[in-house]
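Topology and contacts: notes
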Amino acid sequence: MNEDPKVNVSGLPPEFVDAGASGNISAEVSSQVPVLQPEPELVVNPWDIVLCTSGTLISCENAIVVLIIFHNPSLRAPMFLLIGSLALADLLAGIGLIVNFVFAYLLQSEATKLVTIGLIVASFSASVCSLLAITVDRYLSLYYALTYHSERTVTFTYVMLFMLWGTSICLGLLPVLGWNCLRDESTCSVVRPLTKNNAAILSVSFLFTFALMLQLYIQICKIVMRHAHQIALQHHFLATSHYVTTRKGISTLAIILGTFAACWMPFTLYSLIADYTYPSIYTYATLLPATYNSIINPVIYAFRNQEIQKALCLVCCGCVPPSLSQRARSPSDV
């Protein structure tokens, strides 16, 4: 039997009809083949890179202080215990910033977010509390100069260390134990997953700590001025020498307190007035100076200390410079 002839209703030549038919077949086949979409590239926030770099510098710098104090048996006085506590807290803060960067881009989960923010909150809280403890210790060493070097002072130092680390760990555990905004984004603060109330408590605690430090440093200034005046009278120094010594001591205290306020005050005030709806660039811009405080702390509290300088020189070059070993402590060294 003869096959039915194909009817060409398009009015085109047969070869065009055959070409169009084969084109339709190839189009149908290609439509059935799945198209592989390119994977989205991992976009890294430059602010996160800066924070991670800051965390690396913080970790390296404070690790040196921790190792020096830990491996040097002569650095066991209350002052060095508190400096070691400050360096350890800043070291953990730097590690927390690094871990936060790694988890944010390589291992994203709710559990890692909570653990990371808990570590950062606990470490920075311990850093601020250690600064307050160092201020208290300096005040006691001047106000109770005759009885400062006693077992009571050592016991009081350990009590302060226990309280400040216990309080800091409790603050860090709050987000992990459920006080977070992962289930209700409307309660988030400028730092997710911290709640607005949690951030407010941390901010108010910082303002209270700053007020205590300010009051203690005012009292320290008065004691330094009185001691410098007494020394000047005993050694028959000129009034100019007394003025220079006193001014140096007050300038040192102003630098310490001013640096602390300049680093932490912007982020503290911003956390009180802002929430998660504010642009994240403001959070980064105020949080970054707060991390710089952990970079400056070893310079102010550790590397300026004569005993730590000697220990560092012994580790680096195996000797102590004569100028450092013969340096006398003055009332301005507070």
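Residues numbered from 1 in each chain as written. Predicted model: local features only at pLDDT ≥ 70, side-chain atom pairs only at ≥ 80, totals over all residues. Heavy atoms only, no water.

A word on helix α2 (residues 46-71). Residues three or four positions apart in an α-helix share a direction because the helix packs 3.6 residues into each turn. The first and last C-alpha atoms of α2 sit 38 Å apart over 26 residues, in line with the 38 Å expected at 1.5 Å per residue. Within the sequence span of α2, burial applies to Asp48, Leu51, Cys52, Ser54, Gly55, Ile58, Ser59, Glu61, Asn62, Val65, Ile68 and Ile69. Looking at the buried residues of α2, the elements they touch are α3 (78-106), α8 (280-302) and α9 (306-317). The N-cap of α2, judged by a side-chain oxygen 3.0 Å from the amide nitrogen of Trp47 a few residues on, is Asn45. (Helix = DSSP H or I, 4+ residues; strand = E, 2+ residues; numbered from the N terminus. Expected span 1.5 Å × (residues − 1). Buried < 20%, exposed > 50% of the residue type's maximum accessible area, 1.4 Å probe, protein only. Contact = heavy atoms within 4.5 Å. Polar contact = N/O pair within 3.5 Å; in protein donor to acceptor, adjacent residues only side chain to side chain.)

Soluble globular proteins tend to bury their nonpolar side chains together. Ranked by size, the top nonpolar core spans 66 residues in total, and within it Tyr217, Phe260, Trp264 and Tyr301 carry the most contacts. Breaking this core down by element, the ones donating at least two residues are α2, α3, α4 (110-143), α5 (151-176), α6 (196-234), α7 (239-273), α8 and α9. (Core = buried A, V, L, I, M, F, W, Y, C linked by side-chain atoms within 4.5 Å.)

On to the packing of aromatic side chains. On inspection of all chains with the given rule, the structure shows 11 aromatic pairs. Here the aromatic rings of Trp47 and Tyr284 are separated by 5.8 Å at their centres, their planes lie at 20°, and the arrangement is stacked. With a gap of 237 residues between them, Trp47 in helix α2 and Tyr284 in helix α8 connect regions that are remote in the sequence. Owing to a relative accessible area of 16%, Tyr284 belongs among the buried residues under this scheme. Relative to Phe260, the ring of Phe210 has its centre 6.3 Å away and its plane inclined at 25°; by these criteria the two rings are stacked. A residue pair is termed long-range when its members are at least 10 positions apart, and Phe210 in helix α6 and Phe260 in helix α7 qualify at 50 residues. Summarising the burial analysis for this pair, Phe210 and Phe260 share the class buried. (Phe/Tyr/Trp six-rings, centres within 6.5 Å; stacked < 30°, edge-to-face > 60°.)

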